[in-house]
Amino acid sequence: MPKNYLFTILVFFIGATVGYGQTDLPTQKPLEIDVANKIDDTAEPQKGTSLKIPSVIDTDPEINLDMNKRNPVKMLPDRELVQAGTGMKIDPKAGPREPKEGSREHFSDMYLGDVKSGGKFVGIVCRDHEFVDGDRVKIWLNDRVIDPNTLLTASFKGINVDLDEGFNRFEFEALNVGSSPPNTAQIDVYDDKGDLIYSNKWLLSTGSRATLIITKE
């Protein structure tokens with residue numbers, strides 16, 4: 001084989017090998033450094049969707065600085081004040097209706113009121129309507145004693161009394177106050193037909209009297 005031909009093949013082989021090896025080497029690229037997210041100061045700001053939030057504060061309140069026109073502070077209800085007891089009707093002749101047993105207070109004379117009857121006589125009965133504690137009374141009619149000593153019990157007890165023409169003044173005198181003062185009693189009055197025409201209660205200290213007027217018509 002001619003020498004020139006071998007030399008040509010060798011040169012071709014060496015060049016191919018060198019070219020193949022160069023392709024395995026990484027190629028280098030220059031690093032470019034620049035400012036990230038550059039802000040354009042001249043650009044108009046972007047407008048997003050506005051949130052509509054209701055205000056809890058009145059932005060335009062009506063303020064009245066005129067002290068002469070303001071309503072004064074009222075510590076009491078806005079109504080006309082009246083004197084205590086206005087409109088209350090009290091019968092000065094009537095005594096207490098709800099006695100309290102055991103009270104040490106002094107109870108003076110009482111006026112029980114008056115009643116009319118067309119009958120010949122009336123039946124007067126009494127009982128201790130509170131604690132049965134030995135209360136006793138004396139019964140008077142027109143300044144004369146018709147029952148000197150009546151013991152009040154839980155049951156009604158009394159007498160029939162003939163009526164005089166006109167006024168008949170009955171008085172019930174407390175002889176004691178029992179073991180639980182004051183002297184307490186309920187009194188009922190019946191006409192000659194047996195109909196109840198009067199009922200009341202009394203509170204008396206020892207020696208005090210309850211007075212009832214019965215008018216015979």
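Details of the structure are given in the entry above.
This report concerns the structure included in the present document. (Residues numbered from 1 in each chain as written. Predicted model: local features only at pLDDT ≥ 70, side-chain atom pairs only at ≥ 80, totals over all residues. Heavy atoms only, no water.)

### Some remarks on the pairing of strand 6 (residues 166-174)
What counts here: Whether two strands pair depends on DSSP finding at least two bridges between them. Secondary structure follows DSSP: runs of H or I at least 4 residues long count as helices, runs of E at least 2 residues long count as strands, and numbering of each begins at the N terminus.
Taken together, the five bridges between strand 3 (residues 136-141) and strand 6 define a ladder with antiparallel strand orientation. Across the sheet, the residue bridging to valine 137 is alanine 174, located in strand 6. As judged from the eight bridges shared by strand 6 and strand 9 (residues 209-216), these two strands associate in the antiparallel manner. Looking across to strand 9, one finds that phenylalanine 167 is bridged to threonine 215.

### Quick word on the environment of glycine 158
In plain terms, the rule: In this analysis, two residues are considered to be in contact whenever any of their non-hydrogen atoms come within 4.5 Å of each other.
Here glycine 158 lies in strand 5 (residues 157-162). In this structure, the C-alpha to C-alpha distance between glycine 158 and isoleucine 187, residues 29 residues apart in sequence, is 9.3 Å. Ignoring sequence-local partners within four residues, the contact set of glycine 158 consists of Ile124 and Val125.

### Notes on unusual backbone geometry
Selection criterion: Working definition: with a 1.4 Å probe on protein chains only, accessible area under 20% of the residue-type maximum means buried, over 50% means exposed, and in between means partly exposed.
Each neighbour pair has its own omega, and for proline 181 with proline 182 the value is 0°, a cis peptide bond. Even without being a glycine, asparagine 142 presents a positive backbone phi close to 50°. Following the sequence through the fold, asparagine 142 ends up in the loop between strand 3 and strand 4 (144-151). On the basis of relative accessibility, which here comes to 30%, the residue asparagine 142 falls in the partly exposed class. Phi is positive for aspartate 143, which is not a glycine, with a value near 70°.

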